[in-house]
Each structure stands twice: as structure tokens, then as C-alpha cells.
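Architecture at a glance
Single-letter residue listing:
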Amino acid sequence: MVLRPEQDTGPPGNEHSRSEQWLLVVSGSGKAVVNGRRIALRRHSLLLINKGESHQITNTGRKKLITLNFYAPPAYDAQGEPR
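Let me begin by describing the structure that accompanies this report. Keep in mind that this is a model prediction, so the values were computed, not measured.

Basis of the calculations
- Residues numbered from 1 in each chain as written.
- Predicted model: local features only at pLDDT ≥ 70, side-chain atom pairs only at ≥ 80, totals over all residues.
- Heavy atoms only, no water.
- Helix = DSSP H or I, 4+ residues; strand = E, 2+ residues; numbered from the N terminus.
- Buried < 20%, exposed > 50% of the residue type's maximum accessible area, 1.4 Å probe, protein only.
- Contact = heavy atoms within 4.5 Å.
- Core = buried A, V, L, I, M, F, W, Y, C linked by side-chain atoms within 4.5 Å.
- Pairing = 2+ DSSP bridges.
- Phe/Tyr/Trp six-rings, centres within 6.5 Å; stacked < 30°, edge-to-face > 60°.

Here we take up the environment of L65. Of note, L65 is situated in strand β7 (residues 65-72). Judged by its relative accessible area of 0%, L65 is buried. Each C-alpha atom of the pair L65 and L47 lies 14 Å from the other, and the pair is 18 residues apart in sequence. With residues up to four places along the chain from it excluded, the contact list for L65 reads M1, V2, L3, V25, S27, G28, S29, G30, I57, T58 and N59.

Here is the structure:
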């Protein structure tokens, strides 16, 4: 996932009811709000978002926030649509 400065992933109510999400920060900095809890993100941060937890990721830095995300089981189909 790539977020430009000040960009976020959408409304804070985003959640994956059937999948856990592992988010690894490759570069950049930002914040995550998971179930109302604020978490600072920076290079090499690893964040687990459990099934059903509401979350929002925001780029708070001046460069792109680049993350690598894994979903278990997969949260999206081959066309990128939620399962």
C-alpha cells in the first residue's frame, strides 16, 4: 500500500471481519488508529490488526508511506474486491 503525505485509508470504521491484517512499514511514517487506540508507525514497524478491529492508517510524514500488507485468510479476491 502506498499513501501520499496526509492521505489515509478512508473512514476509521474500516474492518476485515474474517481476516487478520499484518502491516509492515517499508518506508515513511504515519499513524494507525485501531479500535480508537493511536499507534505511531515508522520504518520497520509491524502492526497486527485482528479480525473485526476498526482501523485507519494515515501518512503523517512528508514522504510516501509504503507498507506491505498480509491478510490471513485473504481479505480480497483477485480483482481487489473484499471477500
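Having seen it, we continue.
We now examine the nonpolar core. In this structure, L3, L23, V25, A32, V34, I39, L41, L47, I49, I57 and L65 together form the largest nonpolar core, which totals eleven residues. Breaking this core down by element, the ones donating at least two residues are β2 (20-27), β3 (30-34), β4 (37-41) and β5 (46-49). Ignoring anything within four residues of it in the chain, the contact list for L41 reads L23, V25, S29, G30, K31, A32, L47 and I57.

In terms of strand pairing, β2 meets β7 through seven bridges, oriented antiparallel. For V25, the partnering residue across the bridge sits in β7 and is T67. Inspection of the sheet shows β2 paired to β5 by four bridges, in the antiparallel sense. Opposite W22, over in β5, you have L48 as the bridge partner.

A cis geometry characterises the amide bond from A72 onward to P73, with omega recorded as -10°. For N35, which is not a glycine, the phi torsion comes out positive at approximately 50°. By secondary structure assignment, the location of N35 is in the loop between β3 and β4. On the basis of relative accessibility, which here comes to 48%, the residue N35 falls in the partly exposed class. At H44, a residue that is not glycine, the phi angle is positive and equals roughly 75°. One can find H44 in the loop between β4 and β5.

By the definition in use, this model includes one aromatic pair. Plain terms: the ring middles of Y71 and Y76 are 5.4 Å apart, the flat faces sit at 85° to each other, and that makes the pair edge-to-face. Here Y71 falls in the partly exposed class, since its relative accessible area comes to 25%.

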